[in-house]
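# Examination of the molecular architecture
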Amino acid sequence: MVNSLGHMSAIQVDKLIRDFGDFRAVNEISFEVHESEIFGFLGPNGAGKTTTINILCTLLRPTGGSAQVNGYDVSSRQSEVRSSIGIIFQDPSLDEELTAYENLRFHAMMYDISREDFKRRSEELMEMVDLTDKLRDQVRTYSGGMKRRLEIARGLLHRPRVLFLDEPTLGLDPQTRRHIWQYLRRLREQRQVTMFMTTHYMDEAENCNRIAIIDHGQIVAVDTPANLKERVGGDLITLRTSDNENASQRLKEVHGVEARTGPEGQLIVETERGDQFIPKIIETFSDGANPIEVQSVSLRQPTLEDVFIKLTGHAIREQEADSKEQMRRRGRMFGRLRR
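Anyway, here's the lowdown on the structure attached to this text. (Residues numbered from 1 in each chain as written. Predicted model: local features only at pLDDT ≥ 70, side-chain atom pairs only at ≥ 80, totals over all residues. Heavy atoms only, no water.)

### Details of the sheet that holds strand S1 (residues 9–20)
Our working rule: Strands qualify as paired when DSSP identifies two bridges or more between them. For the purposes of this entry, the term helix denotes a DSSP run of H or I that reaches at least four residues, the term strand denotes a run of E that reaches at least two, and both are numbered from the N terminus. Two residues form a contact once any of their heavy atoms are found within 4.5 Å. Each axis is a line fitted through C-alpha atoms, and for a helix only the stretch in contact is used; angles between axes span 0 to 180 degrees, taken between their N-to-C directions.
If you trace the four strands from one edge of the open sheet to the other, you get S2-S1-S4-S5, paired in antiparallel fashion. Strands with a single pairing partner mark the edges of an open sheet, and in this sheet they are strand S2 (23–34) and strand S5 (72–73). Bridging between S1 and strand S4 (residues 64–69) involves five bridges; their strand directions are antiparallel. In the strand pairing of S4, valine 13 is matched with alanine 67. The sheet strands contacting helix H1 (residues 49–56) are S1, S2 and S4, and the helix crosses S1 at an angle near 120°.

Below you can see the structure in the form of structure tokens.
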């Protein structure tokens, strides 16, 4: 698939809909993922991320619209889609009583990989994720980061063209998360694998070439991280005052600045040269018969979380407790489909 800009498309989604009874989980979303790019889905639990991925992985049928993965329609050519993708689930899906070799061998059997190809590919992948010397160890002896690296190697064993990663570093410490992303970036450079990932870690989303922000089943923006942050505009000043309503009104009247309310009740002001504007704010609030007390003030550059809050009006919530069971169920479904 080639789009209007000349990019090859690994994933093409057009007006995709998925209903569950009277509830519309995915509401006419359209987007594309270019070949060899890292594409991110940002959104809270319940926004439609998991439903969309389930459709793209052929675990759910769409109610309306269409989707193609590697040129295959997800409704009419499910077998070809499944053979051309890899999935790294949020919840661990390794058999911890088996060795790494046995986990990889079982995966190879599911995809009809010959013994000769399995030997060559498994050695290459285990070397890539720095686990060669742990190949014959039981997975239960692995650390969390080692298990995730093994899952990445297993997901690549059948040489998928698209790799789906659902919260790939959830629960890992920051150092291990950085190491995982070193492996993923190396993978993209060496094998040109397209990656479609979900995350609620804003710093992790910075690894994406482009990001789709999804909320309440609809995509509200698709762009590069840098371009998305430019939508916020300039510096961000966060204020807590004794009278936010009056403070907001004064900022508009005196400086022509529209302050917005953050998710925790703070005032957020977007402006160029925020370091020079803060003294003006304090001076404005101290003038007059009814001065406004500035209880706290901070200045920073915009982040992807600021973009999300500006576009949706709320912060990304942490994943809810039942999400792990959803991942387990999805893993079992995919395993049955491959048999």
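### Quick look at the packing of aromatic side chains
Our working rule: Stacked, tilted and edge-to-face are the three classes assigned to paired rings of Phe, Tyr and Trp, where Trp is represented by its six-membered ring and a pair needs centres within 6.5 Å; plane angles under 30 degrees give stacked, over 60 edge-to-face, the rest tilted. Relative accessibility thresholds used throughout: buried, under 20% of the residue-type maximum; exposed, over 50%; partly exposed, between the two (1.4 Å probe, protein chains only). Both a distance and an angle decide whether a charge sits over a ring: NZ of Lys or CZ of Arg must be within 6 Å of the ring centre and within 35 degrees of the ring normal.
Scanning the model with the defined rule gives eight aromatic pairs in all. On the numbers, 5.4 Å between centres and 50° between planes, the contact of phenylalanine 31 with phenylalanine 41 is tilted. Here phenylalanine 31 is found in strand S2, whereas its partner phenylalanine 41 is found in strand S3 (residues 38–42), with 10 residues between them in sequence. The class for phenylalanine 41 is buried, based on a relative accessible area of 1%. What links up through ring pairs into an aromatic cluster is the set Phe31, Phe39, Phe41, Phe164 and Phe196. Lying across the ring of phenylalanine 20, arginine 18 places its NZ or CZ 4.6 Å from the centre. One residue, arginine 105, lies across the ring of phenylalanine 118, its end atom 5.0 Å from the ring centre.

### What about the pattern of salt bridges?
This is how it is decided: Every case where a carboxyl oxygen of Asp or Glu lies within 4 Å of a side-chain nitrogen of Lys or Arg is listed as a salt bridge.
In this structure the tally under the stated criterion is 20 salt bridges. Of the charged contacts in the structure, one is a salt bridge between arginine 77 and glutamate 80, with a shortest N-O distance of 3.5 Å. Residue classification places arginine 77 among the partly exposed residues on the basis of a relative accessible area of 36%. Three or more residues are tied together by salt bridges with common partners; here these are Asp117, Arg120 and Arg121.

### Concerning unusual backbone geometry
Phi angles above zero are rare outside glycine, and arginine 159 is one such case at about 55°. Mapped onto the elements, arginine 159 comes out in the loop between helix H5 (144–156) and strand S7 (162–166). For arginine 159, a relative accessible area of 41% corresponds to the partly exposed category. Of note, the phi angle at glutamine 192 is positive, near 55°, even though the residue is not glycine. Relative to the helices and strands, glutamine 192 resides in the loop between helix H6 (174–191) and strand S8 (194–198).

### Considerations on the side chain of glutamine 78
If you trace the backbone, glutamine 78 turns up in helix H2 (residues 78–83). Relative accessible area serves as the criterion here: at 18%, glutamine 78 is assigned to the buried category. Leaving out residues up to four positions away in the same chain, glutamine 78 has contacts with Thr58, Arg61 and Asp73.

### A look at helix H4 (residues 115–128)
This is how it is decided: Take the number of residues in a helix, subtract one, and multiply by 1.5 Å to get its expected span.
With 14 residues, H4 ought to run about 20 Å at 1.5 Å a step, and its terminal C-alpha atoms sit 20 Å apart, in line with that. Looking at the buried positions of H4, the neighbouring elements they touch are helix H3 (100–110), H5 and H6. Just downstream of H4 lies aspartate 130, where phi reads positive at about 60°.

### Focus: the nonpolar core
Our working definition: In these notes, a set of buried Ala, Val, Leu, Ile, Met, Phe, Trp, Tyr and Cys residues joined through side-chain atoms within 4.5 Å is what counts as a nonpolar core.
Core analysis: the largest hydrophobic core is formed by 47 residues, its most contacted members being Met126, Leu150, Leu156, Leu184, Leu187 and Ile211. With five residues, the top contributor of residues to this core is H5. Apart from the residues within four sequence positions on either side, isoleucine 211 is in contact with Gly40, Leu42, Ala205, Ala221, Val222, Asp223, Pro225, Leu228 and Leu304. Ranked by size, the runner-up nonpolar core spans 29 residues in total, among them Ile53, Ile55, Ile85 and Phe164.

### As for the pairing of S8
Every regular strand shows the same layout, with side chains that alternate between the two sheet faces. Most of S8 is tucked away: five of the five residues are buried. Here S8 shows a buried face lined by Thr194, Phe196 and Thr198 and a second buried face lined by Met195 and Met197. Pairing of S3 with S8, which is carried by four bridges, proceeds in the parallel orientation. In the strand pairing of S8, glycine 40 is matched with methionine 197. Both S7 and S8 contribute to a ladder of five bridges, which runs parallel. Bridging from a neighbouring strand, valine 162 pairs with threonine 194 of S8.

### Notes on the sheet that holds strand S11 (residues 235–241)
Judged by pairing direction, the sheet is antiparallel, and its four strands sit side by side in the order S12-S13-S11-S14 without closing on themselves. In this open sheet, the two edge strands, each paired with only one partner strand, are strand S12 (260–261) and strand S14 (294–300). In the sheet, S11 pairs with strand S13 (residues 267–271) via five bridges, with the strands oriented antiparallel. Bridge assignment links leucine 239 to a residue of S13, and that residue is leucine 267. Lying on the sheet, helix H10 (residues 274–286) is in contact with S11, S13 and S14; it crosses S11 at an angle near 25°.

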